[in-house]
Amino acid sequence: MAPVHPLLWRSLRIFQVYGANTDVGKTVFTTILCRAANDIWKKEQTTFLKPVSTGPEDEADDRCYHIERHAPGVDRRTLLQYDLAISPHAAAKGKPVPSDKELLSRIYQFASRKAAHGPGWLFIETAGGVHSPGPLGTTQVDLYTTLRCPVVLIADSKLGGISLTISAFESLKLRGYDVESILVFQDSEYDNEQYLKDYFTAHHGIPVVSLPKPPPKANDRDTDTKRMSQYYRDESQSTATRNVLEHLNRKHQARIERLESMPADAYRQIWYPFTQHKLISPESIVAIDSARGDFFQTLVPKTGNTIDKPEPVLQPSFDGSASWWTQGLGHGNPSLTIAAAYAAGRYGHVMFPGAIHEPALALTETLLEGMKNPRLTRVFYSDNGSTGVEVALKMALRVARLRYGWDANSDIGIIGLKGGYHGDTIGAMDCAEPSTYNENIEWYNGRGIWFDYPSVKCVRGQWVVGIPEELRADLGNDQIFKNLSDVFDIDSRESRSEHTAYENYIERRLSHHIGNGRKFGALLMEPVVIGAGGMELVDPLFQRALVNVVRRSANLFGSCSEPDTLDSTCWTGLPVIFDEVFTGLYRLGRFSASSFLKSEADISVHAKLLTGGLVPLSTTLASESIFKAFESDDKADALLHGHSYTAHAIGCQVALESVRQMQTMERRGEWDWAKDGDWSGSLSSASNSTKPEIWSIWPWDLSNWISNQTQLVAGTWALGSILAIHMKAADGLGYKSTAALKLQRALLDGDKDEMWNIHSRVLGNVLYIMGSQKTTKDDISGIGSQIRRALA
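Now for a quick tour of the structure. (Residues numbered from 1 in each chain as written. Predicted model: local features only at pLDDT ≥ 70, side-chain atom pairs only at ≥ 80, totals over all residues. Heavy atoms only, no water.)

Comments concerning the pattern of salt bridges
Keep this limit in mind: Note on definitions: salt bridges are taken to be side-chain nitrogens of Lys or Arg within 4 Å of carboxyl oxygens of Asp or Glu. Comment: elements are numbered from the N terminus, with helices defined as DSSP H or I runs of at least four residues and strands as E runs of at least two. Burial here depends on accessible area, computed with a 1.4 Å probe over protein chains only, as a share of the maximum for the residue type. Under 20% is buried, over 50% is exposed, and the range in between is partly exposed.
Going through the model one piece at a time under the given rule, you end up with 39 salt bridges. Here aspartate 289 ties to arginine 148 by a salt bridge, and the two come within 2.9 Å at their closest N and O atoms. Of this pair, aspartate 289 sits in strand E8 (residues 288-292) while arginine 148 sits in the loop between helix H5 (140-143) and strand E5 (151-154), and the two are 141 residues apart along the sequence. Pair check on accessibility: aspartate 289 and arginine 148 agree, each one buried. One salt-bridge network, in which partners are shared between bridges, spans Arg148, Asp178, Arg255 and Asp289.

Here is the structure:
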């Protein structure tokens, strides 16, 4: 099934009518609006839609006299009707119930047919209050967000209605709804309308319009019908009602005009990151109206005169880069939004040094416990992955210098991996080998050595540990494995002494550089996957061998007295820094990517998925032995690093919610579908319970198929939520390669019939697609179909 579409067409004005409570007059107000729209725009079609209705069928809103009798000419439809006059989730018990996605798709299909008939209005009336549940129990305010309908909110004119109305508005606002107008009945006893007018005008600039109440219900039906007919005639022709419709019409037009002008305006005014502006145009800039779950809602490029054509203005675009690797729990996740709002309301931002607040302490405890690394006892907060790495470097270089007795001005480098990239601040940049990223940076001064390494790809359905040509004399030829779990079976591979050649090679290289006078203060690497350096899956045995050699080679790095080796939590050799900014916190299917290596970091850096994709935050976790090295009577010996927004409460509260949600998902087995043998195929060896658990949301049959497209594809791999496709590159490998651009363009063109596409990023010859930790099996299947079409 195609993803859920937003409801926006140029000629069809669509508004969703929400009530602050039940029995506030939603149907009365909607009838007035429908009748007035039908009278004013006589050549257009006005439609009333009730997605879910409860109560006897002959009383359903599309047949009740409010619409049928008092708004003649208005088309009416109810999609789901349940007999009992109770909440939809209760009325639907024991009855056939569509999924939320199916219900939203039916709404879109209905609206699409209306748009195809020509210009008009569509008013979609919800049931009960803002948080009244839908048929499956999802509250309406969460159920309908993907549709991105602007809202007409019907306020409560009764006692207590002011509070209910403001609460309803805030619930809508927190979920990204645009409330365009608020309507309320006049009531001289409570006078809610005047307070609400003043409140919403002063605080939100939203017009509040009050209309007279309907006449009291008469005893006989004919009299009641006449009174109501006169009421609807008067109110639909009133200046107030017509002003509301004109306001809604202007808002609709302004929304589309703004969306369509955004790319050109951005082209003139925005300086984009990682972008050569000479190579882009306004037409290549994607305007994002909103985002929900794994999808952006993006502007569909115009193809000519679209004034009277039914093409939608927006389409779903799968967020294939997980918004630069941050997205974990879905865009617009209400739990994260509420966590942010709670912390903002309770704290705002408060000073951190020498103070503590609950979100920071609770997050600290959760991270240290979740890592299950006995070395790590301290958490240092910063604002993003790059600065988190800067902090890690300051920690590691200081303790190494003190232990080995080097001068503060010594030229100390790091040990890393080719392609390793740890951020864009100067210190983190110096930890990367010379590359496209830094070759034109004036202050760049690469400080270290970078090991080439064996990488893992699936080629023609086989898992290949590929040895770089220049290393084959030292490491031997490529190795073939039946399952990816066999590659990650560290214990078995070490029992076969596969690590010996790696360790011998590493020791020779280190001895060579140290013999030439080099000093090193840390081992810094991204465990398992090199991200920005080309989305390379590194042989985990090589990374483990590198850690082991560094830790046992104190005699190589300098003269010192090593700490008591009985304390297994003390660092030895050099501090080991794992940059888990990208690979950590379930991106690869586990809380910590270090667990794949069966190695524990002395310092570990985390960001991106930390907050589920909502706000920036980074943490640098360190061991007690490293922390203690900064203790002194002299303040100058402290770790003098900080940010104005260090450990900001909003970020910490959101991160706490994000991490706990992912831990809960793991406990509940919410990824079991991706671990199933039929799905995972040769990712894992299901028959051998002693093998490490390796799984991906991307099915084995897709990876296998891609790996056999050998005219275009050099290899592929999938792990956790990542799928990486390495294209063959006639222009050479690396960031400047254009080999993956054709595939990227094909995915962006998308499915023209179903009207959705895939927004992705490339790293030279590599196109990667990344799901979130909430991505569904259904969505993965649809994306897989698009990939197959694009590569076929």
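So much for the structure itself; the text now carries on.
Examining the sheet that holds strand E20 (residues 576-579)
To keep things clear, this is the line we draw: Strand pairing is assigned whenever DSSP detects at least two bridges linking the two strands. Note on geometry: axes are lines fitted to C-alpha atoms, helical ones only across the stretch in contact, with angles between N-to-C directions running from 0 to 180 degrees.
Read across the sheet, seven strands follow the order E11-E22-E21-E20-E17-E12-E13 without closing on themselves; strand pairing throughout is mixed. In the strand order of this sheet, the two ends are held by strand E11 (376-382) and strand E13 (448-451), each with one partner. In this sheet, adjacent strand axes meet at a mean angle of 20° when their direction is disregarded. With four bridges connecting them, strand E12 (residues 412-417) and strand E17 (residues 519-525) associate as parallel partners. Bridging across to E17, glycine 413 finds its partner in phenylalanine 520.

What about the packing of helix H6 (residues 161-174) against helix H7 (residues 192-204)?
Counted only if it meets this: Throughout, the term roughly parallel applies to angles under 35 degrees, roughly antiparallel to angles over 145, roughly perpendicular to angles from 65 to 115, and oblique to all others. By the definition used in this description, the sense in which the near helix is turned from the far one sets the handedness, with an anticlockwise turn below a right angle giving left-handed and a clockwise turn giving right-handed. In what follows, a contact means two residues having at least one pair of non-hydrogen atoms within 4.5 Å. The classification used treats Ala, Val, Leu, Ile, Met, Phe, Trp, Tyr, Cys and Pro as nonpolar, Asp, Glu, Lys and Arg as charged, and all other residues, Gly among them, as polar.
Look at H6 against H7: their axes get within 10 Å of each other, and the N-to-C directions meet at 30°. Judged on the interaxial angle alone, H7 and H6 are roughly parallel. Here H6 runs over H7; the crossing is right-handed. Side by side, H6 and H7 meet where Gly161, Ile162, Thr165, Ile166, Phe169 and Glu170 of the first sit next to Asn192, Tyr195, Leu196, Tyr199, Phe200 and His204 of the second. Its residues assigned to classes, the contact of H6 with H7 shows seven nonpolar, four polar and one charged.

Things to note about the sheet that holds strand E3 (residues 75-82)
A sheet is described by the order of its strands in space; here seven strands give the open sequence E3-E2-E4-E1-E5-E6-E7, paired in parallel fashion. Each of the sheet's edge strands pairs with one partner strand only, and the pair in question is E3 and strand E7 (208-211). On average, adjacent strands in this sheet sit at an angle of 20° to one another, irrespective of strand direction. Across four bridges, strand E1 (residues 12-19) lies against E5 in parallel orientation. Looking at the pairing, valine 17 lines up with valine 152 of E5. Helix H4 (residues 100-116) rests against E1, strand E2 (45-54), E3 and strand E4 (120-125) of the sheet, and its axis sits at about 165° to E2.

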